[in-house]
Amino acid sequence: MNAVPQSRKLRLATTSLAGCFGCHMAFLDIDERLLELLERVEFDRSPLTDIKTCGPCDIGLVEGGICNAENIHVLQEFRRNCKVLIAIGACAVNGGLPAQRNHLDLGRCLQEVYLTGPGIVNGQVPNDPELPLPLDKVHPIHEIVRIDYFIPGCPPSGDAIWKFLTDLLDGRTPRLGHPLLHFD
Ligand code: SF4
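Along each chain, numbering runs from 1 in the same order as the chain's sequence is written. Predicted model: local features are reported for residues with pLDDT of at least 70 only, side-chain atom pairs are reported and counted for 80 or more only, and whole-chain, interface and lining totals are derived from all residues. Working from all heavy atoms in the structure, the side-chain values ignore hydrogens and water.

*Asks:* A description of the UniProt feature "domain: NADH:ubiquinone oxidoreductase-like 20kDa subunit" (unreviewed entry) in the protein chain should follow, citing residues and the corresponding values.
*Replies:* In this structure's numbering, the residues bearing the UniProt feature "domain: NADH:ubiquinone oxidoreductase-like 20kDa subunit" (unreviewed entry) are residues 20–167. Numbered from the N terminus, helices here are DSSP runs of H or I no shorter than four residues, and strands are runs of E no shorter than two. Between the first and last C-alpha atoms of residues 20–167 the distance is 26 Å; the span itself is 36% helix and 20% strand. UniProt positions are given in the numbering used here, feature names are shortened, and annotations may be inferred rather than shown by experiment.

Laid out in structure tokens, this is it:
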């Protein structure tokens, strides 16, 4: 079991890769329990903070699958720095709905969106080197790095996230029984 001992405030990092931020919204659905959580953890890199890179952390929560080179970079940064890394939501667990593009040809998708789609005049596929290159397929994050825990759901409920985190913070193996465990 990857339990997290707590004699100090723990550091928690979160990120959204090929996600929709819905899992972060579900995280915020713990509502006033967020105040209780803040008694026990402090945030590192997260869409909720202004910290740009992930430092040494106890827990990392990753929303979204892997769809481009930048996602791989961020995921590897999280794996290097987080003792316990958690895939949160269907996209991180199995690619989710964005992986529906996996049976399509990426080049043809880009052409349709940027060149031939309705209403496009003089379109161009974006080619600025600042932009991360898309991957041919969308991948679940466990295909790139080792993951310690998976929380299914699109998104998981705030109650499920709270149960999972408090189990972990209290040194218990996280367990989501019915009805907290769902996949939709
Ligand atoms: S699992 Fe659902 S809610 Fe979470 S990032 Fe993916 S699409 Fe959004």
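*Asks:* So what about the pairing of strand β5 (residues 82–88)? Which residues, and what values?
*Replies:* Burial classes: relative accessible area under 20% of the type maximum marks a residue as buried, over 50% as exposed, and values in between as partly exposed (1.4 Å probe, protein chains only). Most of β5 sits inside the fold, with six of its seven residues counted as buried. Relative to β5, strand β3 (residues 57–63) runs parallel, the two sharing six bridges. Bridging from a neighbouring strand, Leu61 pairs with Ile86 of β5. A pair of strands is considered paired only if DSSP assigns at least 2 bridges between the two. Pairing of β5 with strand β7 (residues 149–151), which is carried by three bridges, proceeds in the parallel orientation. When the bridges of β7 are listed, Ala87 appears paired with Phe150.

*Asks:* Tell me about empty space enclosed by the protein, residues and numbers included.
*Replies:* Cavities and pockets are found on a 1 Å grid laid over the protein atoms alone: a cavity is a set of points where a 1.4 Å probe fits but cannot escape, a pocket is an open set with protein on both sides within 12 Å along at least five of seven lines, and a lining residue has an atom within 4 Å of such a point. Grid points are joined across faces, edges and corners, and a volume is the space filled by probe spheres set on the points. Taken as a whole, this structure holds one cavity of 30 Å³ or more when the rule is applied. Computed from the structure, the largest cavity encloses a volume of approximately 40 Å³. Contributing to the lining of the largest cavity are Thr14, Cys23, His24, Phe27, Leu61, Glu63 and Ile88. Secondary-structure elements contributing two or more residues to the lining of the largest cavity are α1 (22–28) and β3. Element by element, the count of residues in the lining of the largest cavity is highest for α1, at three residues.

*Asks:* Report on the pattern of salt bridges, specifying residues and quantitative values.
*Replies:* Take a side-chain nitrogen of Lys or Arg and a carboxyl oxygen of Asp or Glu: if they are within 4 Å of each other, that pair is a salt bridge. For the structure on display, the rule yields 13 salt bridges. One salt bridge in this structure joins Lys83 and Asp58, with 3.1 Å as the shortest N-O distance. Within this pair, whereas Lys83 is found in strand β5, its partner Asp58 is found in strand β3, the two being separated by 25 residues in sequence. Given a relative accessible area of 55%, Lys83 falls into the exposed group. For Asp148, the salt bridge goes to Arg79, with nearest N and O atoms at 3.2 Å. Of this pair, Asp148 sits in the loop between β6 (134–139) and β7 while Arg79 is found in helix α3 (residues 69–81), placing the two residues 69 residues apart along the sequence. Each member of the pair Asp148 and Arg79 is classed as buried. It is possible to trace a salt-bridge network through shared partners that takes in Arg40, Lys163, Asp167, Asp170 and Arg172.

*Asks:* Describe the sheet that holds strand β2 (residues 41–43), listing the residues and the values that go with them.
*Replies:* If you walk across this open sheet you meet the five strands as β2-β1-β3-β5-β7, and the pairing is parallel. Each edge of the open sheet is held by one strand with a lone partner, namely β2 and β7. With strand direction ignored, the average angle separating the axes of adjacent strands in the sheet is 25°. It only takes one pair of heavy atoms within 4.5 Å for two residues to be counted as in contact. Here an axis means a line fitted to C-alpha atoms, over the contact stretch when the element is a helix, while the angle between two N-to-C directions is reported on a 0 to 180 degree scale. Lying over the sheet, helix α6 (residues 158–169) contacts β1 (10–16), β2, β3, β5 and β7, oriented at roughly 160° with respect to β5.

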